[in-house]
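Residues per chain are reported as follows:
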Amino acid sequence: MLKNYLKVAIRNILKYKFFSAINILGMTLGVTACLFIILYVSDELNFDRFHEKADHIYQVGLHGRIAGQDIRTANTCPPLAEAMVNEIPDVAEATRIAPFWGQAIIKNEEKAFSQDDVYYADSNFFSLFSFQLLEGDSKTALQEPNSIVLTEDMVKKYFGDEPVLGKLLTVGNYDKAFKVTGVAANCPLNSHFIFNVLLSSSSADHLKSNVWLNNYLYTYYVLGPNGSAQNVEKKLDDLVIKYVGPEIEQFMQVSLKQMKEQGGEYGFFNTRLTDIHLRATSRDGLRPGGDVMYVKIFGAIAVLIIFIACINFMNLSTARSAGRAKEVGLRKTLGSVRGQLIGQFLAESIIYSLVAVTLSFVACYLLLPSFNLVSGKELGMDVLMKPSFIGYLFALVILVGFIAGSYPAFYLTSFSAVEVLKGKIRGGMKSKGIRSSLVVFQFAISIFLIIFTVIVYQQLKYMQSRDMGIDKHNVIVLQNAYRLDKNMEAFKNALSQQTGVLKTSYTNNSFPGVNNTTVFKSAGSEEDHIMGVYFADYDHLDVMRFQIKEGRYFSRDFPSDSTGILLNETAVKEFGFTDPLNEELIYNDNDGHNVRLKIVGVFKDFNFESLKEQVRPLAIRLGKDGNSLMVRYAGNSAEMITSIEKLWKQYSTNEPFEYSFLDENFDNLFRSEQRLSYLFTIFAGLAIFVACLGLFALAAFTAEQRTKEIGIRKTLGATVSNLTILLSREFTLLVIIAFVPAALIAWWLVDTWLSSFAYRIEISPSVFVLSGLAAVLLAWLTVGFQAVKTASANPVNSLRYE
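Residues numbered from 1 in each chain as written. Predicted model: local features only at pLDDT ≥ 70, side-chain atom pairs only at ≥ 80, totals over all residues. Heavy atoms only, no water.

A closer look at the nonpolar core
In a soluble, globular protein the nonpolar side chains are often hidden away together inside. Put simply, the test is: Think of a nonpolar core as a cluster: buried Ala, Val, Leu, Ile, Met, Phe, Trp, Tyr and Cys residues, connected wherever their side-chain atoms sit within 4.5 Å. Partly exposed residues are those whose accessible area sits between 20% and 50% of the maximum for their type, while under 20% is buried and over 50% is exposed, using a 1.4 Å probe and protein chains only. Runs of H or I in DSSP of at least four residues are treated as helices and runs of E of at least two as strands, each being numbered from the N terminus. Every residue pair with non-hydrogen atoms within 4.5 Å of one another is taken to be in contact.
Ranked by internal contacts, the top residues of the largest apolar core, which has 117 residues, are Phe443, Phe546 and Phe683. Among the elements that take part in this core, helix H14 (residues 433–465) stands out by supplying 15 residues, more than any other. Other than its neighbours up to four places away in sequence, phenylalanine 546 contacts Gly469, Ile470, Tyr534, His540, Leu541, Tyr553, Phe603, Phe606 and Ile620.

As for the environment of phenylalanine 195
Examined against the element boundaries, phenylalanine 195 turns out to sit in the loop between strand E10 (176–184) and strand E11 (197–200). In this structure, the C-alpha to C-alpha distance between phenylalanine 195 and tyrosine 120, residues 75 residues apart in sequence, is 10.0 Å. Not counting the four nearest positions on each side in its chain, phenylalanine 195 is found in contact with Asp117, Tyr119, Phe125, Phe131, Thr151, Ala184 and Cys187.

Concerning the environment of tyrosine 120
Of note, tyrosine 120 is situated in strand E6 (residues 118–121). Spatially, the C-alpha atoms of tyrosine 120 and alanine 98 are 5.0 Å apart, while their sequence positions differ by 22 residues. Those residues in contact with tyrosine 120 that lie beyond four places of it in its chain are Arg96, Ile97, Ala98, Phe100, Leu199, Ser200, Ser201, Ser203, Ala204, His206 and Leu207.

What about the pattern of salt bridges?
Put simply, the rule is: Basic side-chain nitrogens of Lys or Arg form a salt bridge, by our definition, when they fall within 4 Å of a carboxyl oxygen of Asp or Glu.
The final tally for this structure, using the stated rule, is 22 salt bridges. Counted as one network, the salt bridges with shared partners bring together Lys492, Lys503, Asp537, Asp539 and Arg556.

Examining empty space enclosed by the protein
The line we're drawing: The method works on a 1 Å grid over the protein atoms by themselves. A cavity is a set of points holding a 1.4 Å probe that cannot get out, a pocket is an open set with protein on both sides within 12 Å along at least five of seven lines, and residues with an atom within 4 Å of a point line them. Grid points are joined across faces, edges and corners, and a volume is the space filled by probe spheres set on the points. The classification used treats Ala, Val, Leu, Ile, Met, Phe, Trp, Tyr, Cys and Pro as nonpolar, Asp, Glu, Lys and Arg as charged, and all other residues, Gly among them, as polar.
Going through the model one piece at a time under the given rule, you end up with four cavities of 30 Å³ or more. When its volume is computed, the second largest cavity comes out at roughly 40 Å³. Class assignment of the residues belonging to the lining of the second largest cavity gives a composition of six nonpolar, one polar and two charged.

Right, dumping it as structure tokens:
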């Protein structure tokens, strides 16, 4: 019997090729989009879950408030980890990770490499985290000073296929020799931090510091068997009182109690390891995090798209069911019982569903590399191949097939053969309330996706084109310029003579962002103010092209500028200066001495960080050299890079040439939003296309029901255009109805999303109007094809229909 069901089902699928193709295409597109979203969302939700102790590992963050400015950072101080283990019973173990300052230069004899993602790590690093060590002992690999652990990719990069354990590499400014003590597997990409090289923390003197107010590394701990993260936070407050309080009093001349009475704050907080990627509340993370809101949005889109696909599947099956009424009558006349007919219809529908899901798996496998390129991930099919997921998918196949085939299976087969052959069931098939509601639902989703996609695109375009207060175009940033050592000034002078080079400037800052934040006081005041500070040389203004509002920039004509400082407008407001050029600032240097700085100029605010944040107080001090050399040029960028690299090799001793473009560095700040825009566009397009297939199904169904009416109208003189408008009017109304809830929901969601940006576009009503018109146009094109086809039919054939 089952074999017969399958044989007849396949025959019917092949008989109605066009209908079958549309039916399967709609379902395939819907399921394929859903599979991609499942892979994306699953990867986001599973960040850091590969660690064996993931549920018991926490990252410690710092929460401070000075001069009304809130600071929540993932950076902590060197002595914190040891104090937690010794003084907090709930803490079983703690470890530290510290980024290597600047771009690391690693040399293997004469070969030099510029390396990113280099970290110092404590000896128990592999005890807390489950990164796989392929060679070496995880307990001792980072124990001895000057030990280095490389990932597989780095081994190939530095040594090729040679054995590496025991080999030496030189690292850093002073070419310190490190012994290779371990080889780690490449880090999983769904980790909140990724390393290429690990250096033993005992190799770095700055990590032995006992200063609690110096925060620049990352601290993690493991809860004990009966430990509580809440208890740990309470005990951390005790550590603040015991260790931080005296340092605040020493460096800031105010007690911890007094600082809090003045509205200040200083304390530590926990973030569970598995929450860092999506739910972290701090800044300065080891790697840009995701956003749980995006995960929720994509999850909702997956549900909506698969729902649209299922609706279309059912509508298409229902639209064709009227044509099979006579088939049911004939089968009953020839002796088929109702159970057999039900089984036949359901088997046919399930086969449709099974074919669509199978094609979706194939499409997902083939298109996954392209999807990874767009999403910025390296996803695999592992999640989709899990037995549990396949079980759920098989259940979906059965469910969708059952629902889609339920109408012809249970409704058509309920009539007697005589009623069916006489056409008495047609009246029951004219009910359209449910189908119309489903079309409204489908197009509400489509309109919502159109609006959201357009708003995301406009915000991204605004961020890319917004005047940031600097000229970020045509600026090359040479990294690791400090490696030129004594040749720094000579290289700068030689480079300035090159054709096309307009100006060059050394700075210790890496844009976007600011590398240093310092507490200042104005002369004669005890109130603390936080400012970002960086050093730059005399030509920095000509390279960055920000505007001086008051005073001047640093000049070689004023030797006193070595103790001068420039402030941005926000900093002037922060201090409350009315005549800033007659003011001085004071800060404590590393030795605890007060240093007085004369304000020589005020520059207009420029965005040195992400546009998600308001401009913070910023200061510039004079420095004649720095880590980076910024080059403003005119002409062809490729030719300029070639020219600079050639000159670099003349002045450097086997140092790698590393560069970037300033505008690209800023654009990288909203790379995640760009990917979001691409993904939204893709999924919105698929959802709209699938929704149009559903509308096509309903149009076909309606035209089939009104065949006789159309024939009579044509006989009485109705034109094709009259009939097309008649058939399309109903669907236009449905789309207009769908617009109202879609617009309201879209406005609320896009406004919520835009609120995360300090600089954002205003939501224009035209976006909603144009999106609604686009949906109406799509509906007209979809329905119009079927309407024109039906209206153009010979009325004689239409009147013979019944």
